[in-house]
Amino acid sequence: QQPVQSPQAVILREGEDAVINCSSSKALYSVHWYRQKHGEAPVFLMILLKGGEQKGHDKISASFNEKKQQSSLYLTASQLSYSGTYFCGTEWADTGRRALTFGSGTRLQVQP
Amino acid sequence: KAGVTQTPRYLIKTRGQQVTLSCSPISGHRSVSWYQQTPGQGLQFLFEYFSETQRNKGNFPGRFSGRQFSNSRSEMNVSTLELGDSALYLCASSLPGTAYEQYFGPGTRLTVT
């Protein structure tokens, strides 16, 4: 039961905002967000725990809606460096702690 | 602080052979997880080790195995290779705890011919 990410791809101009969603059909314990640039390893962005508060740093923030079992990643005033594929990784609430199930990714391209 | 290292970086093997991949975590990180990344299936969890014990295993056949040593270094082994095993194999290390950040290595690109 892989989480579903949307959109699959998005193209932005520098300075524009974007929202990436991650939805699960199972109850979640946590949601992890990673960004992977082409040919590189995924890099950790943030983690949201069940019952935790919205996280953020710089112009990237995220929220976790427990009722909907959904997390959203917000990128504001996008920069060229934001380009890459964004993955959400989920931990189920009942089992599989520390066994992340990743979504299929959202490809983000920021153009000048 | 040195990052996660993986060796070898590239590997070409023939169907039916076996392969061993190595991962050295960041100093002080005792948890090591392995992932398989392919264009079709994306990032899939293989297993996680902590203090030499496998704590979690993903939905992969028994041909995929791993182990962790007392210095936290980890190896994964794939026996009887199949063409579908061609992938980027990533390992990630982290500290214990619930709000953990995984640091990924550069990966080993395995090609099975």
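Cut-off values and rules
Residues numbered from 1 in each chain as written. Chains lettered and ligands numbered in written order. Predicted model: local features only at pLDDT ≥ 70, side-chain atom pairs only at ≥ 80, totals over all residues. Heavy atoms only, no water. Helix = DSSP H or I, 4+ residues; strand = E, 2+ residues; numbered from the N terminus. Rg over C-alpha atoms; globule rule 2.2 N^0.38 Å. Buried < 20%, exposed > 50% of the residue type's maximum accessible area, 1.4 Å probe, protein only. Phe/Tyr/Trp six-rings, centres within 6.5 Å; stacked < 30°, edge-to-face > 60°. Contact = heavy atoms within 4.5 Å. Buried area = accessible area lost by both parts, 1.4 Å probe. Salt bridge = Lys/Arg side-chain N within 4 Å of Asp/Glu carboxyl O. Polar contact = N/O pair within 3.5 Å; in protein donor to acceptor, adjacent residues only side chain to side chain. Pairing = 2+ DSSP bridges. Core = buried A, V, L, I, M, F, W, Y, C linked by side-chain atoms within 4.5 Å. Axes fitted to C-alpha atoms, helices over the stretch in contact; angles between N-to-C directions.

A. Geometry of the overall build of chain B. Tallying secondary structure elements over chain B gives 0 helices and 11 strands in all. Beginning at the N terminus, the succession of helices and strands in chain B can be written as β-β-β-β-β-β-β-β-β-β-β. For chain B, whose C-alpha radius of gyration is 13 Å, the value lies close to the compact-globule estimate of 13 Å for 113 residues. Each of the three principal axes of chain B carries a C-alpha extent, and together these read 40 × 25 × 25 Å. Sorting the 113 residues of chain B into buried and exposed places 50% on the buried side.

B. The arrangement of the packing of aromatic side chains in detail. For the structure on display, the rule yields 9 aromatic pairs over all chains. A centroid spacing of 5.4 Å and a plane angle of 90° characterise the contact between A:Tyr34 and B:Phe104, whose relative ring orientation is edge-to-face. Taken together, the residues A:Tyr34 in strand β4 (residues 28-36) and B:Phe104 in strand β10 (residues 103-104) connect one chain to another. On the basis of relative accessible area, B:Phe104 is assigned to the buried category, the value being 10%. Grouping aromatic residues by their ring pairs yields a cluster made of A:Tyr34, A:Phe44, A:Phe87, A:Phe102, B:Tyr35, B:Phe45 and B:Phe104.

C. Spotlight on the interface of chain A and chain B. Listed as interface residues are 18 residues of chain A and, on the opposing side, 23 residues of chain B. In this assembly, chain A packs against chain B so that about 1,600 Å² is buried in total across both faces, 54% of it on carbon and sulfur atoms. Sorting the residues of chain A by area buried against chain B places A:Pro42, A:Arg98 and A:Phe102 first, and these three jointly supply 40% of that buried surface. On inspection of chain A and its partner chain B, the count reaches 0 salt bridges. Across the contact surface, chain A and chain B share 3 residue pairs in polar contact (both at pLDDT 80 or more).

D. Molecular detail of the pairing of strand β9 (residues 84-92) of chain A. Residues and elements named next belong to chain A. Counting buried positions over the 9 residues of β9 gives 9, a clear majority of the element. Relative to β9, β4 runs antiparallel, the two sharing 8 bridges. Within β9, the residue paired with Trp33 across the bridge is Cys88.

E. Structural detail: the nonpolar core. Counting residues in hydrophobic clusters, the biggest one holds 22 residues, and the most contacted among them are A:Trp33, A:Met46, A:Leu73, A:Leu75, A:Tyr82, A:Tyr86 and A:Leu108. In contact with A:Tyr82, other than residues within four places in its own chain, are A:Arg35, A:Lys37, A:Asp58, A:Lys59, A:Ile60, A:Leu75, A:Thr76, A:Ala77, A:Leu108 and A:Val110. Core analysis: the second largest hydrophobic core is formed by 21 residues, B:Val19, B:Leu21, B:Phe64 and B:Cys91 among them.

F. Geometry of the sheet that holds strand β8 (residues 74-78) of chain B. All names here are of chain B. Pairing within the open sheet is antiparallel, and its 4 strands lie in the order β1-β3-β8-β7. Since the sheet does not close on itself, it has two edges, and those belong to β1 (5-7) and β7 (64-68), each with one partner. The mean inter-strand angle of the sheet, taken between neighbouring strand axes irrespective of direction, is 20°. Pairing of β7 with β8, which is carried by 5 bridges, proceeds in the antiparallel orientation. Among the inter-strand pairings, Gly66 is bridged to a residue of β8, identified as Met76.

G. Region of the structure containing the environment of B:Gly16. Residues and elements named next belong to chain B. Residue position: Gly16 is located in the loop between β2 (10-13) and β3 (19-24). Given the relative accessible area of 48%, Gly16 is considered partly exposed. Through-space distance from the C-alpha of Gly16 to that of Ser79 is 7.3 Å; in sequence the pair is 63 residues apart. Not counting the four nearest positions on each side in its chain, Gly16 is found in contact with Thr80 and Leu81.

H. Expanded view of the side chain of A:His32. Mapping A:His32 onto the fold places it in strand β4. Residue classification places A:His32 among the buried positions, given a relative accessible area of 0%. Setting aside its immediate chain neighbours within four residues, A:His32 contacts A:Met46, A:Ile47, A:Phe87, A:Cys88, A:Gly89, A:Glu91, A:Leu100 and B:Tyr100.

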